[in-house]
Every structure is written in structure tokens, then in C-alpha cells.
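# Notes for the structure review
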Amino acid sequence: TGLGEMVTCSKERNSDLFDAVLGGLGQFGVITRARIPLVPAPTRARWVRLLYTGAAALTGDQEQLIDVERANALSGLMDYVEGTVLADKGLIGSWRSPSPSSSSFCSEPDAAARVAKLTEEAGGVLYCLEGALYYGGTAGGEPDVEKRLETLLRELRYERGFASVHDVSYVEFLDRVRDGELKLRAAGQWDVPHPWLNLFLPRSRVLDFAAGVFHGILRRGTTGAMGPVLVYPMNRNRWDGDMSAVFPEEEEVFYTVGILRSAVSDGDLARLVKQNDEILRFCEEAGIRCVQYLSYYADQAGWEKKHFGPAKWARFVERKRKYDPKAILSRGQRIFTSPLA
């Protein structure tokens, strides 16, 4: 801790410190050792990607897939759920998406033209639901995964004729971004600035955000920029409210949006940073209460008002006073720059 003490903590032992350091931005202590429980891994995955023309259909389907509390036809059928925004040529230009030739909806001779036509009809923006169904080992057999996949392809509201299903090993699915990394390294585009913007959004405002940002701000002045834009929901009850991490607490579901772009040419960095600021201003002016990670504020007042809010801030200060009263740790974030009274 900031007091120089070596402390072992868990949810049952020194639980306040345990909760403090989770999402604690390095303000309370340095973790020197961690014990992480493991479970047996599956051996195979059905990797599914489906194209959508609207945010409402995508997010509605995503929310049904992660809704394990209420039984519906789609509850829990996917073991992994994510989404991607594909603006204009984003399907091809994003390093996180496999090349069109590797995907079933882009493998036919006219596939690229079909996707381009669908993009145009959708107003320049498509959405992709990406997910996986695990099987093998302790995760169940292939007949079960076939039945689940059949239900998904029948019930989900994607654009028919634009589905990609691949059977891969579990490790291949986990390592699916590797090919994109190697291509960028070969092109000299890996070690470049990455002005990423990561936000948590309340469920009730995700469509307003999509209209203003995905269909508005992101389509203006991003020539040369590349990188994925992710959007997917999470269940709030999976997050422990006692930890320091800040997330929207008003609703049962909140969204992660990751705008993960690279500045690959001259002028990109300043333009993308400016655009990130425009997105944050849009949220503020539209009354969309978002939480930014990894955020940067110039002073303590910014952290208190824009990141934590009154209740979380009071607890954060109390823990700081308890575990690092001299404000030795992580001063560079400018949350605390001098010893606490």
C-alpha cells in the first residue's frame, strides 16, 4: 500500500482494500501477487459473424443473448457476444476483421459488391454481431452446438445472406486478432499512436449515441484512420458495486463502446484526438452520462465531476486517506497531487 505495508486481501479478508484496488487506477497499492481461479477450457468454437443494417436490431439481439436471468429463445446461446460498427469501408479496413476472402459472406465473386450495396442502402454504416459457441471438453458436444446455432440463425434479426460461420479451435478463436497484428507490423503500422476512446454508456441512450456518433461524427473527416469500433452490452449485476471501478449504475444493462483507431499518416493524431473530444462534447450536450476509460483529466475537479460523481468520489477519497494518505502512488494521473489533510 501507499503506507508501505504488505497486505494479503480478498473478498473475505481485508475486503475494503481488495475492493479499492479493483479499478483503483493504481491509487491505493501495487499488486505484487494475484491468485486467479481457472476453469476447464473447451476445445472448439463456432465463430459466428452476422451483418445488420441498424443499431436497434443489433443491440436488441445482443441484449437477448446476454439475458441469462429471464428465459427467452436466445438466452445464453452464445458463450461470447460482441459487436462492431462498420462505417463505409470499415469491414475491409479494420485490422480486427478478417479479410473479406476469409468470410463466407465475402467469399463469392460478387460478395464485395453485395456488401458495398448493403452499406449504401444502410446509409453508409453496417453493424456486425460477432459471437462464439464453445464445445468440446467440458463444454458439451457438437450436436448441442449445432442445435444452438440453428436457433440463432433462425431467431436473430441479421440481414439474411450475410452470415459467416467458421469452426475453429478454442485457441484459434482467442488468438483471432493475431493475423491483423502481423499484417500491420509488416506494413509498419503497428507502432503508431493509438488515440483510443473507451466509454461505458447507459442502455437507454445507446441508440442516441449511435445516431450522433456512428452515423454522424465518425463519418466526418476520418480519411486515413483505421481500426475497429466495438459496441456490446454487459449485465450490471456481474459487476461488484463495492470496487473502485465506475460504471453506469442506473440501469440493469450498460454498453461498452471502444473506438480503437490508429493514427497511420501525418495529421491523423491531432484530427482523431479532436474527434474524440467532439464525441465527449456530444455526450455532455445530449445528456448522455458516460464513463470514460482510460480517461485523463487535467485536475482533481475533472476526476471528481466527470468520472466519479459525488458518491463514488467520497468513497474514493476515504480509501485514499486510509491506504495512501501522502499521495505517493500514481500522481501522474492528477487525481491527487499532494498529501491529504
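Residues numbered from 1 in each chain as written. Predicted model: local features only at pLDDT ≥ 70, side-chain atom pairs only at ≥ 80, totals over all residues. Heavy atoms only, no water.

### Section: the side chain of R148
Which entries qualify depends on this criterion: Here a helix means four or more residues in a row that DSSP labels H or I, a strand means two or more in a row labelled E, and each is numbered from the N terminus. The classification of residues rests on relative accessible area computed with a 1.4 Å probe and restricted to protein chains. Under 20% of the type maximum is buried, over 50% is exposed, and intermediate values are partly exposed. Residues count as neighbours in contact if any of their non-hydrogen atoms are within 4.5 Å of one another.
Among the structural elements, R148 can be located in helix α5 (residues 142-155). Judged by relative accessible area, which is 11%, R148 ranks as buried. The residues touching R148, leaving out its near neighbours within four places in the chain, are L77, M78, D79, L133 and Y134.

### What to know about helix α7 (residues 178-186)
Let me state the cut-off plainly: What the arc measures is the spread of directions leading from the helix axis to the C-beta atoms.
Those residues of α7 lying buried are G180, E181 and L184. Viewed end-on, α7 has its buried residues packed into an arc of 100 degrees, placing them on one side of the element. Pointing more than 90 degrees away from the buried face of α7 are the exposed residues D179, K183 and A186. G188 sits one or two positions beyond α7 and adopts a positive phi of about 70 degrees.

### Notes on the pairing of strand β5 (residues 197-202)
A regular strand carries its side chains on alternate faces of the sheet. Under the convention used in this document: A pair of strands is treated as paired once DSSP finds two or more bridges between them.
With five of its six residues buried, β5 lies for the most part within the structure. As judged from the six bridges shared by β5 and strand β7 (residues 253-259), these two strands associate in the antiparallel manner. Bridging across to β7, L201 finds its partner in Y255.

### Quick word on unusual backbone geometry
In most cases, non-glycine residues show a negative phi, while peptide bonds are predominantly trans. Of note, the bond from Y293 into L294 is cis; its omega dihedral lies within 30 degrees of zero at -15 degrees. Within the fold, L294 resides in the loop between β8 (291-293) and α10 (300-323). Of note, the phi angle at N14 is positive, near 50 degrees, even though the residue is not glycine. By secondary structure assignment, the location of N14 is in the segment before α1 (15-21). Even without being a glycine, A327 presents a positive backbone phi close to 55 degrees. Overall, the relative accessible area of 0% leaves A327 in the buried class.

### Notes on empty space enclosed by the protein
Stated precisely, the cut-off is as follows: Buriedness of a pocket was judged along seven lines, with at least five required to meet protein on both sides within 12 Å; pockets are open sets of points on a 1 Å grid over the protein atoms alone, cavities are sets where a 1.4 Å probe fits but cannot get out, and lining residues have an atom within 4 Å of a point. Grid points are joined across faces, edges and corners, and a volume is the space filled by probe spheres set on the points. Residue classes follow a fixed rule: Ala, Val, Leu, Ile, Met, Phe, Trp, Tyr, Cys and Pro count as nonpolar, while Asp, Glu, Lys and Arg count as charged, and any other residue, Gly among them, counts as polar.
Applying the stated rule across the entire model yields two cavities of 30 Å³ or more. Considered as a void within the structure, the second largest cavity measures approximately 40 Å³ in volume. Taken together, S244, F308, K312, R315, F316 and R319 make up the lining of the second largest cavity. Residue composition of the lining of the second largest cavity, grouped by class: two nonpolar, one polar and three charged.

### Regarding the packing of helix α8 (residues 206-214) against helix α9 (residues 268-286)
Just so we agree on the cut-off: Convention adopted: a line fitted to C-alpha atoms gives each axis, helices being fitted over their contacting stretch, and angles between N-to-C directions are expressed from 0 to 180 degrees. Any angle from 65 to 115 degrees is called roughly perpendicular, while one under 35 is roughly parallel, one over 145 is roughly antiparallel, and all others are oblique. Two helices that cross are described as forming a left-handed crossing if the nearer one is turned anticlockwise from the farther one by less than a right angle, and a right-handed crossing if clockwise.
Orientation of α8 relative to α9, taken along the N-to-C sense of each, is 140 degrees, at an axis distance of 11 Å. Comparing the axis directions of α8 and α9 gives the class oblique. As for the relative orientation of α8 and α9, their crossing is right-handed in sense. Mapping the contact onto sequence places D208, F209, G212 and V213 in α8 and I279, F282 and C283 in α9. Across the contact of α8 with α9, the residue classes tally to five nonpolar, one polar and one charged.

### A few points about the packing of helix α2 (residues 55-66) against α8
Interaxial distance between α2 and α8 falls to 10 Å at its minimum, and their mutual angle equals 145 degrees. Here α2 and α8 pass one another in a crossing that is right-handed. Listed contacts from α8 to A55, A56 and T59 of α2 are V206, L207 and A210. Partitioning the contact of α2 with α8 into residue classes produces five nonpolar, one polar and no charged.

### Here's the deal with the pattern of salt bridges
Applicable threshold: Think of a salt bridge as a Lys or Arg side-chain nitrogen and an Asp or Glu carboxyl oxygen that are within 4 Å of each other.
One pass over the full model with this rule turns up 25 salt bridges. Sharing partners across several salt bridges, the network here consists of R44, R46, E142, E146 and D167.

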